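Examination of the molecular architecture
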Amino acid sequence: MKYHLFAAFIATSIVSAPAPGQHTIEQLAPENTIAVVGCDNVQSMMDNLKRTGVWELWQSDEIKETLHDFLEEFAQQVTDMYDELGMDEEDMTYPTGPAGFSLYTYTDEETMMPKMATFFFAHFGDEGEKFGALMDRLVEKTAEEWDTEFEFEEVMGREVIIIEKPPALEDPDELDEGDFGGMSFLPDPEDMVEDIERMYLVREGSLLLGASEMSALQTALEIIDGEGPDVLDSREDYQNARRQIGEADFYGLLLTRDLGDLVDSMDDTGMMRMMVGPSVNALIGDIGGMGFGGRSDGPTSMLEQTFTMYMPNGKGGIFSLLDIESPRGDLPAFVGPDAISYASYNFRFSGILDFVKGVIQSNPMLAMQAAEQMPVIEEFIHGLLDPLGSRIDTVSTLRRPIEAGSMGTFYAIECNDPQAFEEFIADKGAAMGLEPRDFLGHRIYAMDGNMLAMMTGGMDMSFALGLGGGRLFLGSTSGVEQALRTVGQEEQASLGDEAEFKRGVAALNNQPLIGWGYADIVDALEVQAHVGRIQMEQTIAQMEEFDPEMAAEMKAELQEQTSFYDKIDPELLRRYIGPSVWQMMSTEKGFVFRQYILKADSE
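Counting restarts for each chain: residues are numbered from 1 in the order of the written sequence. For a predicted model such as this one, the threshold for reporting local features is a pLDDT of at least 70, and the threshold for listing and counting side-chain atom pairs is 80 or more; totals across whole chains, interfaces and linings nevertheless cover every residue. Computation of side-chain values: all heavy atoms of the structure, hydrogens and water removed.

1. A few points about helix α16 (residues 477-485)
- Three exposure classes are used, based on accessible area relative to the maximum for each residue type with a 1.4 Å probe and protein chains only: buried under 20%, partly exposed in between, and exposed over 50%. The helix and strand labels rest on DSSP assignments: H or I over at least four residues marks a helix, E over at least two residues marks a strand, and numbering proceeds from the N terminus. Buried residues of α16: Thr477, Gly479, Val480, Glu481, Ala483 and Leu484, and no others.
- Every residue pair with non-hydrogen atoms within 4.5 Å of one another is taken to be in contact. On its buried face, α16 sits against β15 (407-415), β16 (435-439), β17 (442-447), β18 (463-468) and β19 (471-475).

Given below as structure tokens:
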């Protein structure tokens, strides 16, 4: 067995966390950090998780029986690892206090160019002695395996281990199992640290610190001793981006401030920033950072996920078209009780033309090429989008028993000028393969999807659009027809009458939102699994006519892939997992998206 310390210690740091009175990753990571992952208290994070239905599901007899072989194999691998280390399994330990991992840039003294480096730390609390013994044995075993002796250096009164990157441990011409042409379909942890030549590690009691460059390690030690230079938490952009995430058991951030210099160092021509930079800015705006966070057993849900975007100079690019908020309001009449998911969001269609022009004009070469076509493009966009409003509703429905065409999705877009849109589509529809016909007093423009349905296992691949009730409906022909049937019938049954929908929506804010939505997670998983199998079986049946041997291989692969899912009864999942809801909000300097997954209703 090979012990790759670089990957092992980095992976360890990612799952660690800080406790009260201890330093967090933001208080130790270098000031010029690009990406950071942190957890303020791993023990607390695990305690929170253990109060959720997800943990109860994991501990259920059904799941343990289903995963029996996998768990036994994993347990044996752990036993074998500790046997090779000459240690007992009870010596295994995990971080319990603060921890984190960061990628940062520094200036290489030889080339004077920015390079990437890593810093990480983890606190093991009361398990410090166990961890120390494990770390010492890992270092010893790795030195034996690499046939080398690691150097040590005293830094601020601590003994730092210097681990030089060894020569390749394997023949580069020899492919691992699962590789194809030297490329693996699974991520290799070693790829994370491919360019790191050495790692500096220091242990002080229950605390592990590591860095691929000495200055970051020394700065962290200075801070631990009570003094040191500015680090990550001194940056205003970090503070603002982190604040958007809010309360979280663990979080991560990508900061863009120093990315430009790093990209320039990889671009010998110097053209990347000059040519691509303006187009990227026109496309997505000035993004200062992107973040994520996760929390278990929160005040409103079992699991909570947060995704954020920090835009210090205001919304720009495509995101400027999203910056419209409105009250949540009631469900439209076309969202019936057969809906398993619903979403409503706002989008400024009226700004698309200016957005497209801005992207084109940001690149002189693109502007020259598009100059002759712009009048035609403008005419088409005006005709298509000018009649539309800003609200979009998305509905997915499910019919049982589950078959290839059981699930359907359609979109409803606010239409302020139906006559203008119908005149446009009547003129352009034929060129797009849309045939008009009347339906219950409305006009439908449909495209036949029978040929595609034959190739996709019977799924409904038709497409239609229709106008009614101030909405433009788009989707499968059957979905559009069903939506049009509800126009003017406000008193019919609705998803909004369902208890689970009401319970889910209660977790959302009452403030104006850019968008929000609801989904029955288990129904969605069930139908995707069924439909996926039906499609694959249809493909195999077609393949048998041309290549029976290939069809047999595909069938065996399908059976292997679905054997696990066949053991998971949707009714079991429904005992522990409830509905999911989400909301997207605009902030003064960006956006915040939050998803809540509720525990199953115990009543």
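So, next bit.
2. Some details on the packing of aromatic side chains
- Ring pairs shown here join Phe, Tyr and Trp side chains whose ring centres sit within 6.5 Å, with only the six-membered ring taken for Trp; geometry is labelled stacked below 30 degrees between planes, edge-to-face above 60, and tilted in between. For the structure on display, the rule yields 15 aromatic pairs.
- Between Phe334 and Phe410, the aromatic rings sit 5.9 Å apart at their centres with planes inclined by 65°, giving edge-to-face as the arrangement. A residue pair is termed long-range when its members are at least 10 positions apart, and Phe334 in the loop between β12 (303-310) and β13 (339-346) and Phe410 in strand β15 qualify at 76 residues.
- Classification of Phe334 by relative accessible area gives buried; the value is 10%.
- With a centroid separation of 5.4 Å and 25° between ring planes, the pair formed by Trp582 and Phe593 is classed as stacked. Residue Trp582 is found in strand β21 (residues 577-587), and its partner Phe593 is found in strand β22 (residues 590-599); the two are separated by 11 residues along the sequence.
- Through successive ring pairs, a cluster of aromatic residues spans Tyr342, Phe501, Trp516 and Tyr518.
- We call a charge positioned above a ring when the Lys NZ or Arg CZ atom is no farther than 6 Å from the ring centre and deviates by at most 35 degrees from the ring normal. Between the NZ or CZ atom of Arg242 and the centre of the ring of Tyr251, over which it lies, the distance is 4.0 Å.

3. Focus: the packing of helix α11 (residues 352-361) against helix α13 (residues 374-385)
- One can describe the packing of α11 onto α13 by two numbers: an axis separation of 10 Å at closest approach and a directional angle of 155°. Taken together, the axes of α11 and α13 are roughly antiparallel relative to one another. Taken as a pair, α11 and α13 cross one another with a handedness that is right-handed. Contacts between α11 and α13 pair Ile352, Leu353, Val356, Lys357 and Ile360 from the former with Met374, Glu378, Ile381, His382 and Leu385 from the latter.
- Polarity classes work like this: nonpolar for Ala, Val, Leu, Ile, Met, Phe, Trp, Tyr, Cys and Pro, charged for Asp, Glu, Lys and Arg, and polar for all others, with Gly in that last group. Counted by class, the contact of α11 with α13 contains 7 nonpolar, 1 polar and 2 charged residues. Note on method: axes are straight lines fitted to C-alpha atoms, helices fitted across the in-contact stretch only, with angles between N-to-C directions ranging 0 to 180 degrees. Here roughly perpendicular refers to angles of 65 to 115 degrees, roughly parallel to angles under 35, roughly antiparallel to angles over 145, and oblique to all remaining angles. Handedness of a helix crossing follows the sense of rotation of the near helix relative to the far helix, less than a right angle counterclockwise being left-handed and clockwise being right-handed.

4. A word on a nonpolar patch on the surface
- What goes into a patch is any residue over 30% in relative accessible area without a salt bridge, connected to like charges within 9 Å or, for nonpolar side chains (Val, Leu, Ile, Met, Phe, Trp, Tyr), within 5 Å. Computed with a 1.4 Å probe, the accessible areas rest on the Shrake-Rupley method; for each residue, only the protein chains presented here act as cover. The term salt bridge refers to a pairing of a side-chain nitrogen on Lys or Arg with a carboxyl oxygen on Asp or Glu at a separation within 4 Å. A contiguous nonpolar surface patch, about 410 Å² in accessible area, is contributed by Trp58, Phe70, Leu71 and Phe74.
- Among the elements that make up the nonpolar patch, the one with the highest residue count is helix α5 (residues 68-85) (3 residues).
- Within the element layout of this structure, Leu71 appears in helix α5.

5. Brief notes about the environment of Gly590
- Here Gly590 is to be found in strand β22.
- Sequence separation between Gly590 and Met311 is 279 residues, and the spatial gap between their C-alpha atoms is 4.9 Å.
- If near-sequence neighbours (up to four positions away) are discounted, Gly590 is found in contact with Gln244, Met309, Met311, Lys315 and Met585.

6. Describing empty space enclosed by the protein
- Note on definitions: the grid is 1 Å and covers protein atoms alone; a cavity is a set of points where a 1.4 Å probe fits but cannot get out; a pocket is an open set with protein on both sides within 12 Å along at least five of seven lines; lining residues have an atom within 4 Å of a point. Grid points are joined across faces, edges and corners, and a volume is the space filled by probe spheres set on the points. Counted under the stated rule, the structure contains 2 cavities of 30 Å³ or more.
- Reported here for the largest cavity is a volume of approximately 70 Å³.
- What lines the largest cavity is simply Ser326, Pro327, Arg328, Ser344, Tyr345, Asn346, Arg391, Leu513, Ile514, Gly515 and Trp516.
- Elements represented by at least two residues in the lining of the largest cavity include exactly β13 and β20 (515-519).
- At 3 residues, the largest contribution of residues to the lining of the largest cavity is made by β13.
- Along its surface, the second largest cavity is lined by Arg158, Val202, Arg203, Glu204, Leu207, Leu209, Leu221 and Ile224.
- Counting residues per element, the lining of the second largest cavity draws most heavily on strand β8 (residues 198-204), which supplies 3 residues.
- Taken together, the residues of the lining of the second largest cavity sort by class into 5 nonpolar, no polar and 3 charged.

The quantities given are spatial measurements derived from coordinates; they are silent on function.
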